[in-house]
Amino acid sequence: MGAAYFYHLTQKPLEATLPMLLGKALGAGWRVAVRGTDAARMEWLDQKLWLGAEEGFLPHGLAGGAHDAAQPVLLTMAPEAANDPQCVMTVDGAEITPDELQQLERVCILFDGNDPVAVDKARSQWRSLTGAGCSAQYWSEESGRWEKKAEA
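These lines cover the structure that appears in this document, whether it is placed above or below.

Reading guide: rules and limits
Residues numbered from 1 in each chain as written. Predicted model: local features only at pLDDT ≥ 70, side-chain atom pairs only at ≥ 80, totals over all residues. Heavy atoms only, no water. Pairing = 2+ DSSP bridges. Helix = DSSP H or I, 4+ residues; strand = E, 2+ residues; numbered from the N terminus. Core = buried A, V, L, I, M, F, W, Y, C linked by side-chain atoms within 4.5 Å. Buried < 20%, exposed > 50% of the residue type's maximum accessible area, 1.4 Å probe, protein only. Contact = heavy atoms within 4.5 Å. Expected span 1.5 Å × (residues − 1). Arc of directions from axis to C-beta. Polar contact = N/O pair within 3.5 Å; in protein donor to acceptor, adjacent residues only side chain to side chain.

1. With respect to the pairing of strand β8 (residues 147–151)
Look at any regular strand and the pattern is simple: side chains alternate between the two faces of the sheet.
(1) Moving on: The sheet contact formed by strand β7 (residues 135–140) and β8 spans four bridges and is antiparallel. Directly across from Gln137, in β8, lies its bridge partner Glu151.
(2) Moving on: Hairpin connection of β7 to β8: six residues between the antiparallel strands, including Gly144 at a positive phi of 105°.

2. Focus on the nonpolar core
(1) Moving on: Judged by nonpolar contacts, the single largest core of 23 residues is most densely connected at Leu18, Leu22, Val32, Val34, Met89 and Leu110.
(2) Moving on: Listed by contribution, the elements that provide at least two residues to this core are β1 (3–9), α1 (14–27), β2 (32–35), α2 (39–51), β4 (73–76), β5 (87–90) and β6 (106–112).
(3) Moving on: If sequence neighbours within four positions are ignored, Val34 has contacts with Leu18, Leu22, Met42, Leu45, Val73, Leu74, Leu75, Thr76, Met89 and Val91.
(4) Moving on: Membership of the second largest hydrophobic core comes to 16 residues, among which are Val88, Ile96, Leu101 and Ala136.

3. Let's talk about α2
(1) Moving on: If you check α2, its first and last C-alpha atoms are 19 Å apart, about what 13 residues at 1.5 Å a residue would give, namely 18 Å.
(2) Moving on: Buried within α2 are the following residues: Met42, Leu45, Asp46 and Leu49. Viewed end-on, α2 has its buried residues packed into an arc of 105°, placing them on one side of the element. In this structure, α2 carries Ala40 and Leu51 as exposed residues pointing more than 90 degrees from its buried face.
(3) Moving on: The backbone nitrogen of Ala40 lies 3.2 Å from a side-chain oxygen of the residue at the head of α2, namely Asp38.

4. Side note on the side chain of Ser140
(1) Moving on: For Ser140, the location among the structural elements is in strand β7.
(2) Moving on: Residue Ser140 is classed as buried on the basis of its relative accessible area of 3%.
(3) Moving on: Among the polar contacts made by the side chain of Ser140, one reaches the main-chain amide nitrogen of Glu142 at a distance of 3.1 Å.
(4) Moving on: Dropping the residues within four chain positions of it, Ser140 is found in contact with His8, Arg145, Trp146, Glu147 and Lys149.

Given below as structure tokens:
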């Protein structure tokens, strides 16, 4: 069973943090699904990932293409990802269930710490996952660098 890592974004935006986390996941040999809730937002994120890879090329695709199953990173809104991921990263409050978490190596829940609705959603997800017995860690960048603040 995997673990859920909650990333409380307060210093850097999603488009700066996500590539770093994706690089770490790919470095671990995992396929990744980035799950969102809005098609336009996923298209925006797709463009940011293509244009903003400062550390180098970040191979990925937007779900709905001919090669979804071959994508190391697939941006999707669906709970099932064609690329058979070992890691799912959720953005914008996308759902993840305890049963799904048990089938994965890692779930990363990225949320905007400047958005009260996003913070409330992340708190609800924390309670849901830890209440079901899932392992979880809470990471904050409030100090300017990532620090683990809680673990359950």
